[in-house]
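Below are the chains, spelled out letter by letter.
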Amino acid sequence: MEISSLPRFPLATLPTPLDELPRLSQELGVRVVMKRDDLTGFAMGGNKARKLEFLVADALEKNCDMLVTGGGVQSNHIRTTAAAARKAGMDAVGVFFSSPSGEVNGNFLLDQILGAELVYAEADKHETELVVQRVCEDLRAQGRNPYLIPVGGSTKLGVISYMLAVGELLEQIRAQNLSLDAVVVTTGSCGTHAGILAGMKFYNSPIPVHGITVSRAREECLERVARLVNEAAQFLERELALNENDVIVHDAYIGEAYAKITPAARAAIQRVARLEGIFLDPVYTGKAMAGLVDLVERGTFAPGSTILFWHTGGAPGIFGFPLDVI
Ligand SMILES: *Cc1c(COP(=O)(O)O)cnc(C)c1O
């Protein structure tokens, strides 16, 4: 299977910029560059726009009439999926794994502007995928043809979208004559991390990919990233074999729980805003940047090295957790 022959529903404005962060770099003593996937544009941007280009095209090919996915109340993924469904002429169902706090803001507000059908299911975090499956079964019983998108859009198609994003990045660093020592990315449902890693294999690039998990334990991430890379490899009938130490996940930056702010993430959000005028979010990229800063301070990233931070978006989440970011 050639990637170029896969159906694709255009959503994102590509290529996203590759920016220098000179003032942050000067403070940290490493050169930090940023891949601006917060600027994918569609429906307020973020990494899900890339994944949804392939997922929506697959849904349309299967004649589905609605996209169904799950997440937290401030899910960027539910917001972007709902918007993509609308652009493709479909209905959208968002399954929330907890009840809303009562405040209508951030992503939760955008979901309502989009007219997504919102389902509240108190789910144990281990059975969230089952809950979304059950909602789809109910919809089928009502004569609908739902397309189930797993949490975070982390499927082989989502992975493939990030393999292409690596191709885009490698072209940019070639044009800018940059040599990267590491990529740092937020690891959530693991598809973005898996896609970047698979992309490095696909394009024969040795740049290590460091994932900063914001929810799952390290072991679970290692297993998920490896599984997703293998699923994409099998589907594409390509050799994307991982070596033992290829999947790198740091789990020291989650704090109390997913979507609970940490002092380091709050500081990182303010620091990047005040040095570079760039907004990170409290749930994902703020914690990932806190990880990057700590790994520099610990010497994991040597002074003078060049580190790419892959900004995956999430700005609407700022408005969902205002007191977490000031
Ligand atoms: C979903 C999301 C992530 C995590 O990506 P995964 O592919 O789920 O690991 C990171 N940052 C933001 C802003 C997101 O919305």
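Note that the coordinates shown come from a computational prediction; the quantities given were computed from them, not determined experimentally.

**Student:** For this particular structure, what's the right way to read the pattern of salt bridges?
**Tutor:** When the charged atoms of two side chains lie near each other, side chains of opposite charge can form a pair. Summed over the entire model, instances satisfying the criterion amount to 19 salt bridges. Residue Glu27 is joined to Arg271 by a salt bridge in which the shortest nitrogen-to-oxygen separation is 2.8 Å. With Glu27 in helix H1 (residues 22–28) and Arg271 in helix H9 (residues 263–276), the pair connects residues that are 244 residues apart, well separated along the chain. Classification of Glu27 by relative accessible area gives partly exposed; the value is 48%. For Arg271, a relative accessible area of 25% corresponds to the partly exposed category. Here Asp246 and Lys201 are joined by a salt bridge, their closest N and O atoms 2.6 Å apart. Residue Asp246 is located in the loop between helix H8 (218–236) and strand E9 (248–250), and its partner Lys201 is located in helix H7 (residues 191–202); the two are separated by 45 residues in the primary sequence.

**Student:** Just to check I follow, could you spell out the nonpolar core for this structure?
**Tutor:** Core analysis: the biggest nonpolar cluster contains 67 residues, and Met163, Val183, Ile196 and Trp310 have the highest contact counts within it. For this core, the element with the most residues is helix H6 (residues 156–175), which contributes 10 residues. Two domains share this core, each providing at least three of its residues, namely domain 1 (3–46 + 154–324) and domain 2 (48–152). Not counting residues up to four positions away in its chain, the partners in contact with Met163 are Ile3, Gly195, Ala198, Gly199, Phe202, Tyr203, Ala232, Leu236 and Leu240. Of all hydrophobic cores here, the second largest spans 28 residues; its members include Val30, Ile278, Met289 and Val293.

**Student:** Where do I start with H8 in this structure?
**Tutor:** Counting along an α-helix, one turn takes 3.6 residues, and residues three or four places apart therefore face a common direction. For H8, which comprises 19 residues, the first-to-last C-alpha distance of 27 Å matches the rise-based estimate of 27 Å (1.5 Å per residue) to within 8%. Every buried residue of H8 is accounted for by Cys221, Leu222, Arg224, Val225, Leu228, Val229, Ala232, Ala233 and Leu236.

Criteria and thresholds
Residues numbered from 1 in each chain as written. Predicted model: local features only at pLDDT ≥ 70, side-chain atom pairs only at ≥ 80, totals over all residues. Heavy atoms only, no water. Salt bridge = Lys/Arg side-chain N within 4 Å of Asp/Glu carboxyl O. Helix = DSSP H or I, 4+ residues; strand = E, 2+ residues; numbered from the N terminus. Buried < 20%, exposed > 50% of the residue type's maximum accessible area, 1.4 Å probe, protein only. Core = buried A, V, L, I, M, F, W, Y, C linked by side-chain atoms within 4.5 Å. Domains from an automatic or database assignment. Contact = heavy atoms within 4.5 Å. Expected span 1.5 Å × (residues − 1).

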